[in-house]
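Examination of the molecular architecture
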Amino acid sequence: MTMKSADLLVGELADHFARVLDAVLPAGRLALVDFPDHSNVGDSAIWLGEMAYLRKARRLPAYYSAIADFDDEACSTAIGDGPILIHGGGNMGTLWPKHEAFRLHLLRTHRGRPIMQMPQSIHYADPAAAAEMAEAIRDHGQFTLLVRDARSLAFAERHFDCRVRLCPDAALMLGRQQRSPATTPVFALLRTDHERAPGGAGALPAGVVADDWLQEDAAQKRRLRLSLKLGRLFNRDPMAQRAARQQRLAEWRFQRGLAMLSAGELVVTDRLHAHILSLLLDIPHVLLDNSYGKVAGFADQWTGDYGGLMRATGRAEAFETALASVAPQIVDG
């Protein structure tokens, strides 16, 4: 396999994403729903990538919403007969029930309207839940499903009666990013939620700093929300206010993730978007899989030929590989 630079690979994958979307995005005014109003940096990176594509395509949404503030009537009024785009990620299936329930609601409530699921990874632990989704997709009749890996593609083609396309993750549309100077030899960004791979964490070796990116600075968040409230004084359009709020929140979270990853000369991670953001930053990293194969599946499909990528099957092996790679820096330090 010929290894590729971050510049080359990111450019290729962003072009691939745009070609797929250009081919399948329905016409008309559109809605982008299921905004990720939570602390997981990866979902904010996806949303910003979706917006980067839509901005470039001159198809900015006429309606924006998270799950909590979605309104069927307001959405229909804003977009007419246009499509609903559902924010992508890794929540199609049984792992994240709130998002699956929202997807089912859209399919059942907006029949006759094109609905497109932005790139997803699929995991159903319950066949009955997969059958319920299959029925909703079949009855809806105008659903387009984009998936991020070969296993999700095979599952979707086997179970769902809709148009299915293989597509890279939207975050790649953000392009290469500038990293700040490292402060530690190895930074390990490791999952602390239920997608974490089995196995104990164990003690961290010397030279490794570990964290997850689910905790936000409360004071910073209060200041951001205050500035957003002040911004409403200068813009009375409620949908424009919502769009601005979503953009600012997502950018703030994305920058927090970039800063965390930049702390390491080398990164160890089992989060898919820590892998993708490390690629955007061109930070060498050791990649672990998550609980159900989402991370490995994506890397196998799209990013396995990145010159800065190393793979490991467990945390001990990952730390050993990482520390061996940065050993000269540790010695020099």
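Look a little higher up for the structure.
Residues numbered from 1 in each chain as written. Predicted model: local features only at pLDDT ≥ 70, side-chain atom pairs only at ≥ 80, totals over all residues. Heavy atoms only, no water.

A short note on unusual backbone geometry
Trans peptide bonds make up most of the peptide bonds, and negative phi angles are found at most residues other than glycine. At D34, a position not held by glycine, the phi torsion is positive, near 70 degrees. We classify D34 as buried; its relative accessible area is 1%. With phi around 60 degrees, D282 is a residue other than glycine that occupies positive phi space. Along the polypeptide, D282 turns up in the loop between α9 (272-281) and β11 (285-287). (Buried < 20%, exposed > 50% of the residue type's maximum accessible area, 1.4 Å probe, protein only. Helix = DSSP H or I, 4+ residues; strand = E, 2+ residues; numbered from the N terminus.)

Quick notes on the packing of aromatic side chains
This structure, assessed with the given rule, holds 7 aromatic pairs. Ring centres of F35 and W47 lie 5.2 Å apart, and the angle between their planes is 85 degrees; this geometry places the pair in the edge-to-face category. Of this pair, F35 sits in the loop between β1 (31-33) and α2 (41-56) while W47 sits in helix α2; the two residues are 12 residues apart in sequence, bridging distant segments of the chain. In this structure, F35 and W47 share a single accessibility class: buried. The interplanar angle of 80 degrees and the centroid separation of 5.3 Å between the aromatic rings of F70 and F102 together place this pair among those described as edge-to-face. Taken together, the residues span a long stretch of sequence, with F70 in the loop between β2 (63-64) and α3 (72-79) and F102 in helix α4 (residues 97-109) at a distance of 32 residues. Here a set of aromatic residues connected by ring pairs shows up, and it is made of Y63, F70 and F102. (Phe/Tyr/Trp six-rings, centres within 6.5 Å; stacked < 30°, edge-to-face > 60°.)

Notes on the sheet that holds strand β8 (residues 184-189)
Across the sheet, which stays open at both edges, the 5 strands sit in the order β9-β8-β10-β11-β12 with parallel pairing between neighbours. The open sheet is flanked by β9 (208-211) and β12 (309-311), the only strands paired with a single partner. Neighbour-to-neighbour, the strand axes of the sheet open up by a mean angle of 25 degrees, direction not taken into account. Direction of pairing for β11 relative to β12: parallel, over a ladder of 3 bridges. Looking at the pairing, H285 lines up with L309 of β12. Relative to β11, α9 is tilted by about 155 degrees, and along the sheet it contacts β8, β10 (264-269), β11 and β12. (Pairing = 2+ DSSP bridges. Axes fitted to C-alpha atoms, helices over the stretch in contact; angles between N-to-C directions. Contact = heavy atoms within 4.5 Å.)

Points about helix α1 (residues 6-24)
Between the first and last C-alpha of α1 there are 27 Å, a value that for 19 residues agrees with the 27 Å anticipated at 1.5 Å per step. Within the sequence span of α1, burial applies to A6, L9, V10, L13, A14, F17, A18, V20, L21 and V24. All buried residues of α1 lie within an arc of 165 degrees about the axis, which places them on one face of the element. With respect to the buried face of α1, the exposed residues turned more than 90 degrees away are D7, R19, D22 and A23. Elements that come into contact with the buried residues of α1 comprise α2, β5 (115-123), β6 (143-147), β7 (163-166), α9 and α10 (294-303). (Expected span 1.5 Å × (residues − 1). Arc of directions from axis to C-beta.)

Concerning the pairing of β7
Strand direction decides the pairing type here: β6 and β7, joined by 4 bridges, are parallel. When the sheet's bridge partners are listed, T144 is paired in β7 with R163. The parallel pair β6 and β7 is bridged by helix α6 (residues 150-159), and the resulting crossover is right-handed. (Right-handed = clockwise from strand over helix to strand, strands pointing away.)

Focus on the state of the cysteines
Covalent bonding between the sulfur atoms of two cysteines is what defines a disulfide. The full count for this structure, using the stated rule, is 0 disulfides. Free cysteine: C75, not disulfide-bonded; nearest cysteine sulfur from C162 at 20 Å. (Disulfide = S-S within 2.5 Å.)

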